[in-house]
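# A closer look at the structure
What follows is each chain in one-letter form.
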Amino acid sequence: MFLLSTTHGAETHSLAAAMAVQATYVEEGVTARLHALGERLAAGVREAAAGMGVGDHVVVHGRASNLVFATFDENGQPSQSYRTLFLRRLLAGGVLAPSFVVSSALSDTDIDRTVDVVAEACAVYRKALDAADPTPWLGGRPVKPVFRRTA
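Now for a look at the structure at hand. (Residues numbered from 1 in each chain as written. Predicted model: local features only at pLDDT ≥ 70, side-chain atom pairs only at ≥ 80, totals over all residues. Heavy atoms only, no water.)

## Thoughts on the packing of aromatic side chains
The way to describe two aromatic rings as a pair is by their centre distance and the angle between their planes. Inspection of the entire model under this criterion finds four aromatic pairs. With a centroid separation of 5.2 Å and 45° between ring planes, the pair formed by Phe69 and Phe100 is classed as tilted. Separated by 31 residues along the polypeptide, Phe69 in strand S2 (residues 66–71) and Phe100 in strand S3 (residues 100–101) bring together distant segments of the chain. Each member of the pair, Phe69 as well as Phe100, is classed as buried. Aromatic side chains Phe86 and Tyr125 sit 6.4 Å apart centroid to centroid with 80° between the ring planes, which places their arrangement in the edge-to-face category. On the criterion of sequence distance, the pair formed by Phe86 in helix H3 (residues 80–92) and Tyr125 in helix H4 (residues 108–131) is long-range, its members being 39 residues apart. For the residue pair Phe86 and Tyr125, the accessibility class agrees, reading buried in each case. (Phe/Tyr/Trp six-rings, centres within 6.5 Å; stacked < 30°, edge-to-face > 60°. Helix = DSSP H or I, 4+ residues; strand = E, 2+ residues; numbered from the N terminus. Buried < 20%, exposed > 50% of the residue type's maximum accessible area, 1.4 Å probe, protein only.)

This is the structure:
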């Protein structure tokens, strides 16, 4: 009796597909495009936040192609209430962005539109900071962090 075990023995089609995707990324410069789009988006978000006076309160971090944002209250503390305000304003502008992950399908126009919506959200954020209370702009309970000790 002879036992031959191969981890991906029956998965040659998925391995071939993965290799084709990797080759396409190299040939078409997809990775460089993702980084360029992400850098442009990050710069636009930072500029929009600074322009509305909330540059220390809406902050983007991370790899250019996979940016996350943090939201801080009037005391510079992380705030789920302000995150909720920001997320709701983004949604109201047609941008679904729990983070800013770019796709090679995005155009410069898409990035510009996203930055415009961020600027609009930052304008409302500024009003909430000035009032020291985001509650009037929340439209409901604040979002909760995904990772927490209790539900």
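## Some thoughts on H4
Helix length check: H4, at 24 residues, gives a terminal C-alpha distance of 35 Å against a target of 34 Å (1.5 Å per residue), a fit within 8%. All buried positions along H4 are accounted for by Ile111, Thr114, Val115, Val117, Val118, Ala119, Ala121, Cys122, Val124, Tyr125, Ala128 and Leu129. Here the buried face of H4 lies against helix H2 (30–51), strand S1 (58–63), S2, H3 and S3. Ala132 sits one or two positions beyond H4 and adopts a positive phi of about 55°. (Expected span 1.5 Å × (residues − 1). Contact = heavy atoms within 4.5 Å.)

## So, the pairing of S2
The two faces of S2 differ: Leu67, Phe69 and Thr71 on one face are buried, but Asn66, Val68 and Ala70 on the other face are not. Relative to S2, S1 runs antiparallel, the two being bridged by six bridges. Within S2, the residue paired with Val60 across the bridge is Phe69. Here S1 hands over to S2 after two residues, the two strands then running antiparallel side by side. Relative to S3, S2 is paired through two bridges, and the arrangement is antiparallel. Across the sheet, the residue bridging to Asn66 is Val101, located in S3. (Pairing = 2+ DSSP bridges.)

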